[in-house]
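Here is what each chain is made of, one letter per residue.
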Amino acid sequence: MTLFRRSEFIIACILFAAMIIIGLINPAFWSLDNLFGLLRSNVIIGIMALGVLVVMISGGIDVSFTAFAAAAMYLTIKLMIYMGYEGVFLPFVAATLIGLFLGAFNAFFIHTFRMIPLIVTLGTGSVVRGLLLGLVGTSVINIDKMPQQLIAFAKTDLVSLTSATGTNFGLTAMILIYLGLALVTHLFLRYTMAGRSIFALGGAPEAASRVGFNTRRTLFFVYCFAGALAGFAGLLHGSMIWLANPRDFAGLELDVIAAVVLGGASIFGGRGSVMGTLLGVFMLVMVKNSLIIMKVDTTWQRVVVGLIIIVATALTAWRDRKKLV
């Protein structure tokens, strides 16, 4: 009986029903080419969503991570080109550290000045993107100038197939990185004292402080974690699409937040799960993919995403209020 009441089970049922309906409307949905493409589209949004999930569980909100991702990606690739470096490991470490450093700025202002997280992250995101475009550059680094090792890394497939038309397609190995990060995040949140402190901070900050949790350290961790994952995802995105555009990710924060809320996380803090977020990301990507297949205009796609956020948030608020009664 408990299983049927879990948010993850309900989301999985809705997702399965939506897949059946979409498949009936458009049988091409079930083609391996399309399904592999869906899984590939989950990777970047999903990695960012894991960071946003942790922030939301703590009772905060972050809309600056897309700017951090763009900055980490562009700065790292620029530096690689300048130094002639062709490795993969160190650039990803550098991009992750850039994101972590920028996330620490969010935590500093929110904790030190008791500022509203939404205002802080709006400000830092705008500042970082403005400095990136104003000081570093606006030119797009295309495939001809991209470090070839990065491209080769992201081109790795777990399965490679050939379609009836003769085109090659495959299931990207980057999905393993995404699932690995999801597993680590899940284990951290569920089985460590630091993970429990994040739920405690989001559920009742004052009570969390009184029972001995270091709320300052927890606050810094969640924003640094979100920034680090954004930086990592930014560079991975560049390597997967074979170019680096400093204007990338503009508007993506809406999709990521929608996926996290759709996955059952409470926008008021104290509730959320990695499994729910994975399902929410897949559902959002699937809906957007289906709208594209049905040739729905981009403007209306934004309407759908906005409605998903409103409905999911309303259901979350109703669920939390019902439990309090």
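The text that follows walks through the structure, step by step, so that each part is easy to find. In this text the structure is predicted, and so the values were computed from the model without any measurement. (Residues numbered from 1 in each chain as written. Predicted model: local features only at pLDDT ≥ 70, side-chain atom pairs only at ≥ 80, totals over all residues. Heavy atoms only, no water.)

## Remarks on the overall build of the protein
Then comes step 1: Within the protein one finds 14 helices and two strands.
Then comes step 2: Here the C-alpha radius of gyration of the protein, 20 Å, is about what a compact globule of 325 residues would show, namely 20 Å.
Then comes step 3: When each of the 325 residues of the protein is scored for burial, the buried share is 49%.
Then comes step 4: For the protein, the proportion of contacts with a sequence separation of at least 24, taken over those separated by at least 6, is 77%.
Then comes step 5: Carbon together with sulfur atoms contributes 70% to the accessible area of the protein, which is approximately 16,100 Å² in total.
Then comes step 6: Across the protein, the 22 positively charged side chains and the 12 negatively charged ones have centroids separated by 10 Å. (Helix = DSSP H or I, 4+ residues; strand = E, 2+ residues; numbered from the N terminus. Rg over C-alpha atoms; globule rule 2.2 N^0.38 Å. Buried < 20%, exposed > 50% of the residue type's maximum accessible area, 1.4 Å probe, protein only. Contact = heavy atoms within 4.5 Å. Areas by Shrake-Rupley, 256 points an atom, 1.4 Å probe, with all protein chains shown as cover. Lys, Arg positive; Asp, Glu negative; His and termini not counted. Charge placed at Lys NZ, Arg CZ, Asp CG, Glu CD.)

## Comments concerning the packing of aromatic side chains
Then comes step 1: Applying the stated criterion across every chain yields a total of ten aromatic pairs.
Then comes step 2: An angle of 25° between the planes, with centres 6.0 Å apart, marks the rings of Phe-109 and Phe-113 as stacked.
Then comes step 3: Assessed through its relative accessible area of 49%, Phe-113 is described here as partly exposed.
Then comes step 4: Arranged with centres 5.6 Å apart and planes meeting at 20°, the rings of Phe-221 and Phe-225 form a pair that is stacked. Of this pair, Phe-221 and Phe-225 are both found in helix α11 (residues 215-241), four residues apart, which corresponds to roughly one turn of the helix.
Then comes step 5: An aromatic cluster is defined as three or more aromatic residues linked by ring pairs; in this entry it consists of Phe-92, Phe-153 and Phe-232. (Phe/Tyr/Trp six-rings, centres within 6.5 Å; stacked < 30°, edge-to-face > 60°.)

## Here's the deal with the side chain of Thr-277
Then comes step 1: As for its position among the elements, Thr-277 is in helix α13 (residues 274-293).
Then comes step 2: In this structure Thr-277 touches Ala-49, Leu-53, Val-260 and Gly-263, once residues within four positions along its chain are discounted.

## Some words on α13
Turn by turn, an α-helix covers 3.6 residues, leaving residues three or four places apart pointing in a common direction.
Then comes step 1: Taking 1.5 Å of rise per residue, the 20 residues of α13 would be expected to cover 28 Å, and the 28 Å separating its terminal C-alpha atoms lies within 8% of that figure.
Then comes step 2: For α13, the buried fraction is high: 16 of the 20 residues fall into the buried class.
Then comes step 3: A positive phi of about 60° marks Lys-295, the residue just after α13. (Expected span 1.5 Å × (residues − 1).)

## Notes on the environment of Thr-192
Then comes step 1: Looking at where Thr-192 falls in the secondary structure, it is placed in the loop between α8 (174-191) and α9 (193-203).
Then comes step 2: Separated by 31 residues in the primary sequence, Thr-192 and Leu-161 have C-alpha atoms spaced 41 Å apart.
Then comes step 3: Only 2.4 Å separates the side chain of Thr-192 from the backbone oxygen of Phe-188, close enough to count as a polar contact. (Polar contact = N/O pair within 3.5 Å; in protein donor to acceptor, adjacent residues only side chain to side chain.)

## Quick look at the nonpolar core
Then comes step 1: In this structure, Val-43, Met-48 and Leu-236 are the most contacted members of the largest nonpolar core, which totals 91 residues.
Then comes step 2: A total of 15 residues in this core trace back to one element, the largest contributor, which is helix α3 (residues 32-57).
Then comes step 3: Setting aside anything within four residues of it in sequence, one finds Met-48 in contact with Phe-65, Ala-69, Ala-233, Phe-249, Leu-252 and Val-256. (Core = buried A, V, L, I, M, F, W, Y, C linked by side-chain atoms within 4.5 Å.)

## Considering the pairing of strand β1 (residues 157-162)
Then comes step 1: With five bridges joining them, β1 and strand β2 (residues 168-172) adopt antiparallel strand pairing. If you follow Asp-157 over to β2, its bridge partner there is Thr-172. (Pairing = 2+ DSSP bridges.)

## Some details on α9
Then comes step 1: When we look at burial in α9, the residues that qualify are Gly-195, Ser-197, Ile-198, Phe-199, Ala-200, Leu-201 and Gly-202.
Then comes step 2: In this structure, the buried residues of α9 make contact with α3, α8, α10 (205-210) and α11.

## A look at the packing of α3 against α13
Geometry of a packed helix pair, given as the angle between the helix axes and the separation of the axes.
Then comes step 1: Running from amino to carboxyl end, α3 crosses α13 at an angle of 135°, the nearest separation of the two axes being 8 Å. Relative to α13, the element α3 is oriented oblique. Note on packing geometry: the crossing formed by α3 with α13 is right-handed. Contacts between α3 and α13 involve Asn-34, Leu-38, Leu-39, Ser-41, Asn-42, Ile-45, Gly-46, Ala-49, Leu-50 and Leu-53 from the first element and Val-274, Thr-277, Leu-278, Val-281, Phe-282, Val-285, Met-286, Asn-289 and Ile-293 from the second.
Then comes step 2: Residue composition of the contact of α3 with α13, by class: 13 nonpolar, six polar and no charged. (Axes fitted to C-alpha atoms, helices over the stretch in contact; angles between N-to-C directions. Parallel < 35°, antiparallel > 145°, perpendicular 65-115°, else oblique. Left-handed = near helix turned anticlockwise from the far one by under 90°. Nonpolar A, V, L, I, M, F, W, Y, C, P; charged D, E, K, R; others polar.)

Everything listed is a geometric property; what it means functionally is a separate question.
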